[in-house]
Amino acid sequence: SDVQLTNEPSLKIAKHQEQTDISRWRCLDEKGRLTWRYLEDDDEAEKWPQSYADKWFLGLDLGLPDLPEPTKPIDAFHNGLTFFEKLQLESGTWGSEYGGPMFLLPGVVFAWYATQTPIPWYKATAIKSYLKARAHPDDGGWGLHIEGESTVFGTAMNYTALRLLGVDADEPFMVKARGTLHKLGGATHAPHWTKFWLSVLGVSKWEMVNPIPPELWLLPDWVPIAPWRWWLHIRQVFMSMSYLYSKRWVCEETEVIRELRNELFVQPWESIDWFSHRNSIADIDNFHPKSWLLNTANWFLANIWNPYLRTKAIASKAEAWVSKLVDMEDANTDYADLAPVNAAMNTVVCYARDGPGAYSVRRHIDRLEDALWVKDEGMLCNGTNGVQSWDTAFAIQAVIDADLAEDPRWRPMLTKALEFLDDQQIRENVADQDICYRQQRKGAWAFSNKYQGYAVSDCVSEALKSVILLQKTPGYPQLLDDQRIFDAVDTLLTYQNATGGCASYEPRRGSERMEMLNAAEVFENIMVEYDYVECSTAVITALSLFNKYWPDYRTAEIKRFKDGVLAFIKRQQYPHGGWYGSWGICFTYATMFALESLESVGETYATSLYAKKGCDFLISNQREDGGWSESYRSCETNVYTEHPTGSQVVMTAWALIALIKADYPDMEPLKKGIKLIMDRQCANGEWKQEAIEGVFNKSCMILYQNYKFTFPLKALGMFAKKYPDERP
Ligand code: LAN
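Below, the structure is looked at part by part.

Here is what the cut-offs are and how they apply
- Residues numbered from 1 in each chain as written.
- Predicted model: local features only at pLDDT ≥ 70, side-chain atom pairs only at ≥ 80, totals over all residues.
- Heavy atoms only, no water.
- Helix = DSSP H or I, 4+ residues; strand = E, 2+ residues; numbered from the N terminus.
- Rg over C-alpha atoms; globule rule 2.2 N^0.38 Å.
- Buried < 20%, exposed > 50% of the residue type's maximum accessible area, 1.4 Å probe, protein only.
- Contact = heavy atoms within 4.5 Å.
- Areas by Shrake-Rupley, 256 points an atom, 1.4 Å probe, with all protein chains shown as cover.
- Lys, Arg positive; Asp, Glu negative; His and termini not counted.
- Charge placed at Lys NZ, Arg CZ, Asp CG, Glu CD.
- Near = heavy atom within 4 Å.
- Polar contact = N/O pair within 3.5 Å; in protein donor to acceptor, adjacent residues only side chain to side chain.
- Nonpolar A, V, L, I, M, F, W, Y, C, P; charged D, E, K, R; others polar.
- Core = buried A, V, L, I, M, F, W, Y, C linked by side-chain atoms within 4.5 Å.
- Salt bridge = Lys/Arg side-chain N within 4 Å of Asp/Glu carboxyl O.
- Pairing = 2+ DSSP bridges.
- Phe/Tyr/Trp six-rings, centres within 6.5 Å; stacked < 30°, edge-to-face > 60°.
- Lys NZ or Arg CZ within 6 Å of the ring centre and 35° of its normal.

So, the overall build of the chain
Then comes step 1: Per the secondary structure count, the chain includes 26 helices and six strands.
Then comes step 2: Rg of the C-alpha trace for the chain: 25 Å, near the compact-globule value of 27 Å for 728 residues, within the 12% margin.
Then comes step 3: Along the longest, intermediate and shortest principal axes, the C-alpha atoms of the chain span 75 × 60 × 45 Å.
Then comes step 4: Across the 728 residues of the chain, 66% fall into the buried class.
Then comes step 5: Within the chain, counting contacts between residues at least 6 apart in sequence, those at least 24 apart form 73% of the total.
Then comes step 6: Total accessible area on the chain is roughly 25,700 Å²; 52% of this is exposed by carbon and sulfur atoms.
Then comes step 7: Looking at the chain, you have 75 positive and 97 negative side-chain charges, and the mean spots of the two groups are 3 Å apart.

Set out below in structure tokens:
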């Protein structure tokens with residue numbers, strides 16, 4: 001019953017079922033590596049029943065009883081945690097859908113297709129269901145992310161993916177999507193990444209793709225624009241793309257590819273002047289128009305460098321070096337790679353280089369599973385291979401903030417969570433880190449798991465805080481000895497930028513003016529590491545906590561570090577009093593962090609003008625019903641904008657945490673917010689999904705499924721601890 005995706009015309013007869021049987025899906029947890037299985041065999045399904053977590057991910061009824069109705073915030077806390085505890089996985093972490101971006105799943109499907117990987121019917125079916133469910137209700141297209149308007153990027157990529165999965169072009173939802181694509185100008189008006197993928201597939205010609213020269217990797221390290229200085233994600237994506245671009249590598253031509261050539265464009269395929277469309281782009285996709293500098297560079301590369309100056313010797317040297325870097329990335333992550341974007345591309349690179357059946361290809365295909373996720377709507381691709389360490393750290397902190405880590409009721413759950421973080425700490429730097437430009441990572445935690453293994457400043461910090469807090473609570477096992485804590489701190493201390501602020505994966509390596517070379521069109525602020533209020537706060541609060549227990553370790557450096565961050569945070573405050581968030585929506589999220597930073601040095605509403613202005617900003621945005629409701633539009637426009645669907649639980653929790661941290665003097669607004677969180681809680685302790693919470697690169701939104709537990713719990717816990725007798 002497999003859809004055999006050979007590059008044969010037989011693809012057209014791919015068998016889809018109407019839908020998969022949702023009761024057959026299982027999430028397999030192998031020490032924090034989460035992959036989905038579909039159990040076609042009845043016996044197997046019986047031996048491996050669905051867990052609460054499986055059922056919850058799949059939108060099935062958990063059959064949990066109603067809990068006693070909460071009268072005080074602390075009761076709501078216990079109810080919420082009672083529910084959340086049920087979702088904890090075997091390894092001690094929590095699973096999560098991490099969807100939102102609509103350009104990831106197509107990359108995985110393209111990689112399967114390019115490598116002639118058979119796709120079982122249940123995956124093809126589940127992906128089709130998901131994309132059908134997520135087509136824009138008005139025009140049937142797809143956007144950059146699930147809440148966005150249809151774009152050429154989303155529509156051309158997902159339409160193509162569906163066709164490669166065997167979906168018929170005549171199905172009504174495909175006809176509708178195609179109509180929208182054509183209205184937007186067709187695939188000649190797609191952004192760079194789509195043009196790249198369509199050329200790999202042979203649906204378009206490489207001449208339509210603006211240059212991606214691997215030669216840049218031959219520049220000496222001192223050159224200000226050398227790619228090792230770029231933001232990690234962009235340089236890794238650029239790396240894989242540049243290899244395939246340099247080879248002008250194309251899949252075998254098949255019937256469906258020939259059909260796509262007739263479906264994606266608004267003019268006859270043979271008549272398209274590919275070269276002239278390099279810079280064509282639909283307005284809705286053109287979030288970050290290319291700079292004059294990049295346009296000039298592209299013109300030079302396309303018209304002078306490529307045809308006249310680029311010798312074979314240069315090309316092979318560049319390809320060989322990039323190929324080596326791809327191998328190092330694969331080796332350092334056991335083929336998981338940084339994220340599913342470059343993982344999909346590296347899969348194709350290995351196939352193009354090593355041929356079908358090679359270990360590198362097989363291992364990549366296996367690893368791509370780590371990023372796939374299943375829910376009631378079907379199968380999607382997560383933004384990373386999970387949110388494991390990050391969610392685990394916040395779950396622990398929510399209980400600590402409620403002062404309940406010593407409560408025997410929560411000890412087993414917290415101990416398992418601690419064991420997870422113990423297991424997930426990265427114990428060594430990568431081999432040859434200087435050759436492949438990797439950042440020091442010994443002692444760190446990644447966002448997802450240690451197999452991916454990329455340290456992030458705030459992921460290290462939040463995990464470290466959680467470990468210290470639990471290990472300093474009487475009765476918890478001492479799993480990490482002092483040396484392992486010092487390793488984490490040593491790595492954290494490498495993260496400060498010259499501005500005083502902290503970046504994400506690495507301290508900044510190049511000038512912010514590098515943004516002029518941003519070729520992606522759909523994202524902003526991607527070329528170098530910036531300073532992030534969120535990351536900076538996480539780091540200094542971690543250092544402060546560490547300092548409290550180990551006051552003699554690198555004391556002066558830590559002090560200097562913290563002073564730098566604080567000055568940076570103060571400089572970043574907007575005139576209205578809020579702070580701009582880069583990883584959560586938006587001013588509400590970052591203002592929570594900024595006020596936490598200030599509180600960590602004793603600056604609160606009463607003692608600091610910065611804290612007071614921050615609080616006033618939040619209060620001025622509180623809604624009638626006591627909640628907060630910021631829209632992702634704030635991230636795009638840098639202007640506080642409300643979400644049309646009204647107050648959101650997660651957003652309300654962020655604002656309350658901020659106000660409580662800053663010791664806001666008037667309890668009335670706090671009580672109103674707490675009441676909203678309590679009113680939205682279901683009888684079994686759960687909170688339901690509302691609007692999307694996260695963001696990256698200003699334009700793309702991403703779902704943090706567990707935030708609706710960790711942050712409301714934290715807010716309830718903090719409130720209850722501070723005002724134990726208050727009822728809202
Ligand atoms: C993430 C996810 C986690 C996030 C936080 C830890 C929350 C943040 O505080 C620091 C940055 C980080 C690690 C982050 C960076 C960018 C990621 C990896 C993502 C938002 C998830 C997906 C996104 C990635 C860039 C998606 C692929 C897109 C490209 C432009 C390559």
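Thoughts on the site of the ligand
Then comes step 1: Around the ligand, the structure places 20 residues, and the nearest of them are Y98, H233, F447, D458 and W583.
Then comes step 2: In the environment of the ligand, an oxygen atom lies 2.3 Å from a nitrogen or oxygen atom belonging to the side chain of D458.
Then comes step 3: About the coverage of the ligand: the protein hides 99% of its 630 Å² of free accessible area.
Then comes step 4: Among the secondary structure elements, those contributing two or more residues to the shell around the ligand are helix 9 (232-247) and helix 17 (457-471).
Then comes step 5: Of the residues in the shell around the ligand, the class split is 15 nonpolar, four polar and one charged.

Structural notes on the side chain of T194
Then comes step 1: Structurally, T194 can be placed in helix 8 (residues 192-201).
Then comes step 2: Taking relative accessible area as the criterion, T194 reaches 0% and is therefore assigned buried.
Then comes step 3: Ignoring sequence-local partners within four residues, the contact set of T194 consists of F153, A156 and M157.

A short note on the nonpolar core
Then comes step 1: The biggest cluster of nonpolar side chains holds 249 residues, and the ones touching the most others in it are F103, W193 and F523.
Then comes step 2: Here this core gets 11 residues from one element, more than from any other, and that element is helix 24 (residues 649-661).
Then comes step 3: When sequence neighbours within four positions are dropped, the list of residues in contact with W193 reads F103, F153, I234, V237, M241, V341, A520 and F523.

A closer look at the pattern of salt bridges
Then comes step 1: The final tally for this structure, using the stated rule, is 48 salt bridges.
Then comes step 2: With a closest N to O distance of 3.2 Å, E377 and R134 form a salt bridge. Placement of E377 in the loop between strand 3 (372-375) and strand 4 (378-381) and of R134 in helix 5 (residues 121-134) is noted, with a sequence separation of 243 residues between them.
Then comes step 3: A salt bridge links K675 to D679; its shortest N-O distance comes to 2.8 Å. Remark: D679 and K675 occur in helix 25 (residues 667-680); sequence separation between them is four residues, near one turn of the helix.
Then comes step 4: Overlapping salt bridges, with partners in common, bring together R33, D334, R363, D366, R367 and D370 in one network.

A short note on the pairing of strand 2 (residues 33-38)
Then comes step 1: Burial of strand 2 is extensive: five of the six residues sit out of reach of the surface.
Then comes step 2: Hairpin connection of strand 1 (residues 25-30) to strand 2: two residues between the antiparallel strands, including K31 at a positive phi of 50°.

A few points about the packing of aromatic side chains
Then comes step 1: Going through the model one piece at a time under the given rule, you end up with 58 aromatic pairs.
Then comes step 2: Ring centres of Y707 and F711 lie 4.9 Å apart, and the angle between their planes is 90°; this geometry places the pair in the edge-to-face category. Of this pair, Y707 and F711 both sit in helix 26 (residues 707-722), separated by four residues, roughly a single helical turn. The same class applies to Y707 and to F711, which are both buried.
Then comes step 3: One aromatic cluster is present, formed by Y98, W390, F394, F447, Y589, F593, W654, Y704, Y707 and F711 through successive ring pairs.
Then comes step 4: Positioned over the ring face of W269 is R261, at 4.2 Å from the centre of the ring.
Then comes step 5: Its end group placed over the ring of Y476, R411 keeps NZ or CZ at 4.8 Å from the ring centre.

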